[in-house]
Amino acid sequence: MQRNSILPLLLLAVPVLSQAQPVLTFANTAPTPGSSFTLHHGPYVSPGEAGADRHWDLSALQTDSTVFIERVQPGTTPNGTAFPGATVAEVGSEATMYFRSASDGVYFVGSDADLVIYNTDQAKYLPFPCTYQTSWTDAFAAEFEVEDIQVFRSGQVSGVADGYGSLTMPSGTESNVLRVHWHEETLDSTDLFSMRTVYDSYLFYGVGRSYPLAQLVTTSVEFFDQTSTITYAQWVDEVSTGTPEPTHVDRQLDLYPVPTQGILHFNLPPTFSGTPLIVITDAAGRTVRGLPTARWSGSTGRLDLSGLAPGLYQFTAIDEHGQRAVRSMVVE
């Protein structure tokens, strides 16, 4: 909602209308299985100022890549049993992240990428309820191995909801937005070395959305007395619930041969642009093949499905603007 424009002479007599303070709760924000969204990545932009009744302009965000994220039951993922207590798994093409949604907040349980890392002490990533000027601090810990080297991880998450107001994204403006300034410090220690990682982020939450509309991230890594820093932005323009339904674009996605036993060829819709994200999911919604195994030239490509168990699978292609094409296929 935009602020009213009131003549200065009337300011003493007529109050300026402002937005109500958003409140994030378990009921309107907790992540649960059954939704999917496209996460955009791009260059960092200024987060703007903290405070009440602000307007943040992130319309300059530019997509350089996208990742399709599915939220599923942890037990349906290949290593879900390694994360007891998790209530939802976020599955992407490079990693699966496990969370526990509770009445007092969202906790990070662990991750499955190149390594399975389970947090024996789980930090609260977002408290419930959370509103303007809510702050918190929580610790976490884990123990895992990297090439037979024992790693002891410790760290702390802290945050403060430092502003609320409206947010302009490339797709439009949303009101009733709460901004959280979030900070994490992680120390990985071994007998040979230690590495410190610091994440400093601004997260913009819309009430009723279970994922931040936007995140502006600064990451610093200190290793052997050298520090490297990167900045980036990631955001979600739309959040869908349930399995995405096919659209008219799907009829222009061609897969052959189907059924297939090895190499699957595909022709992407002519409306697609940029480098697409290719995701293969099985009947349980688990991602089994992603972008690294796909090869293409223009709109035509091929995907090596050798080694997949016979069964029903879903082929999903997403272009740089989030346009989606989906088809089912059979592997013999």
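Source: prediction; values computed, not measured.

1. What to know about the pattern of salt bridges
- Under the defined criterion, the tally for this structure stands at six salt bridges.
- Ionic pairing is found between Glu-49 and Arg-54, a salt bridge with its closest N-O pair at 3.6 Å.
- A salt bridge links Asp-188 to Arg-153, with the shortest nitrogen-to-oxygen separation between them at 2.7 Å. Here Asp-188, found in strand β11 (residues 172-189), pairs with Arg-153, found in strand β10 (residues 149-169); they are 35 residues apart in sequence, far enough to count as distant.

2. Overview of the confidence of the model for the chain
- Residues with a pLDDT of 70 or more make up 84% of the chain, whose mean pLDDT is 83.
- Residue range residues 1-17 is modelled with pLDDT below 50. Its contacts to residues more than four positions away, or to other chains, number 13 contacts.
- Throughout residues 239-249 the model reports pLDDT below 50, and contacts reaching past four residues in sequence, or to other chains, amount to 19 contacts.

3. Focus: a negative patch on the surface
- Where like charges cluster on the molecular surface, the negative patch consists of Glu-143, Glu-145, Glu-147 and Asp-148.
- With a relative accessible area of 73%, Asp-148 lands in the exposed category.

4. Focus on a nonpolar patch on the surface
- A cluster of nonpolar residues, Val-258, Leu-312 and Val-330, forms a patch on the protein surface that exposes about 230 Å² of accessible area.
- Within the fold, Val-258 resides in the loop between β16 (254-256) and β17 (263-267).

5. With respect to the environment of Leu-305
- Relative to the helices and strands, Leu-305 resides in the loop between β21 (300-304) and β22 (311-318).
- The exposure class assigned to Leu-305 is buried, which follows from its relative accessible area of 1%.
- Sequence spacing of Leu-305 and Gln-261 is 44 residues, and the spatial spacing of their C-alpha atoms is 7.2 Å.

6. Things to note about the nonpolar core
- Formed by 22 residues in total, the largest nonpolar core has its most connected members in Tyr-125, Leu-126, Cys-130, Val-157, Val-180 and Trp-182.
- Of all the secondary structure elements, the ones that give two or more residues to this core are β6 (105-112), β8 (124-127), β9 (135-146), β10, β11 and β12 (194-206).
- Here Leu-126 is in contact with Leu-24, Thr-29, Asp-104, Gly-105, Val-106, Trp-136, Val-180 and Tyr-205, once residues within four sequence places are set aside.
- With 17 residues, the next largest nonpolar core counts Leu-253, Leu-264, Ile-278 and Leu-308 among its residues.

7. Observations concerning the side chain of Glu-184
- With respect to the helices, strands and loops of the structure, Glu-184 is situated in strand β11.
- Polar side-chain contacts of Glu-184 include one of 2.8 Å to the side chain of Thr-186.
- Apart from residues no more than four positions distant in its own chain, Glu-184 is found in contact with Tyr-125, Phe-140, Gln-156, Val-157, Thr-197, Val-198 and Tyr-199.

8. Section: the packing of aromatic side chains
- Inspection of the entire model under this criterion finds 13 aromatic pairs.
- Centre to centre, the rings of Phe-26 and Phe-128 are 6.5 Å apart; their planes meet at 80°, and the pair counts as edge-to-face. Taken together, the residues span a long stretch of sequence, with Phe-26 in helix α1 (residues 26-29) and Phe-128 in the loop between β8 and β9 at a distance of 102 residues.
- Aromatic side chains Phe-193 and Phe-223 sit 5.4 Å apart centroid to centroid with 85° between the ring planes, which places their arrangement in the edge-to-face category. With Phe-193 in the loop between β11 and β12 and Phe-223 in strand β13 (residues 214-223), the pair connects residues that are 30 residues apart, well separated along the chain.
- By relative accessible area, Phe-193 is classed as partly exposed at 28%.
- Using a relative accessible area of 32% as the deciding quantity, one classes Phe-223 as partly exposed.

9. Notes on the pairing of strand β3 (residues 65-72)
- Burial of β3 is extensive: seven of the eight residues sit out of reach of the surface.
- The pairing of strand β1 (residues 35-42) with β3 spans six bridges and is classified as antiparallel. Within β3, the position partnered with Thr-38 by the bridge is Phe-68.
- Of the strand pairs in this sheet, β3 and strand β4 (residues 88-91) are connected by three bridges, and their pairing is antiparallel. Each bridged residue has a counterpart across the sheet, and for Val-72 the counterpart in β4 is Ala-89.

Definitions and limits used
Residues numbered from 1 in each chain as written. Predicted model: local features only at pLDDT ≥ 70, side-chain atom pairs only at ≥ 80, totals over all residues. Heavy atoms only, no water. Salt bridge = Lys/Arg side-chain N within 4 Å of Asp/Glu carboxyl O. Helix = DSSP H or I, 4+ residues; strand = E, 2+ residues; numbered from the N terminus. pLDDT = per-residue confidence, 0-100. Contact = heavy atoms within 4.5 Å. Patch = residues over 30% accessible without salt bridge, like charges linked within 9 Å, V, L, I, M, F, W, Y side chains within 5 Å. Areas by Shrake-Rupley, 256 points an atom, 1.4 Å probe, with all protein chains shown as cover. Lys, Arg positive; Asp, Glu negative; His and termini not counted. Charge placed at Lys NZ, Arg CZ, Asp CG, Glu CD. Buried < 20%, exposed > 50% of the residue type's maximum accessible area, 1.4 Å probe, protein only. Core = buried A, V, L, I, M, F, W, Y, C linked by side-chain atoms within 4.5 Å. Polar contact = N/O pair within 3.5 Å; in protein donor to acceptor, adjacent residues only side chain to side chain. Phe/Tyr/Trp six-rings, centres within 6.5 Å; stacked < 30°, edge-to-face > 60°. Pairing = 2+ DSSP bridges.

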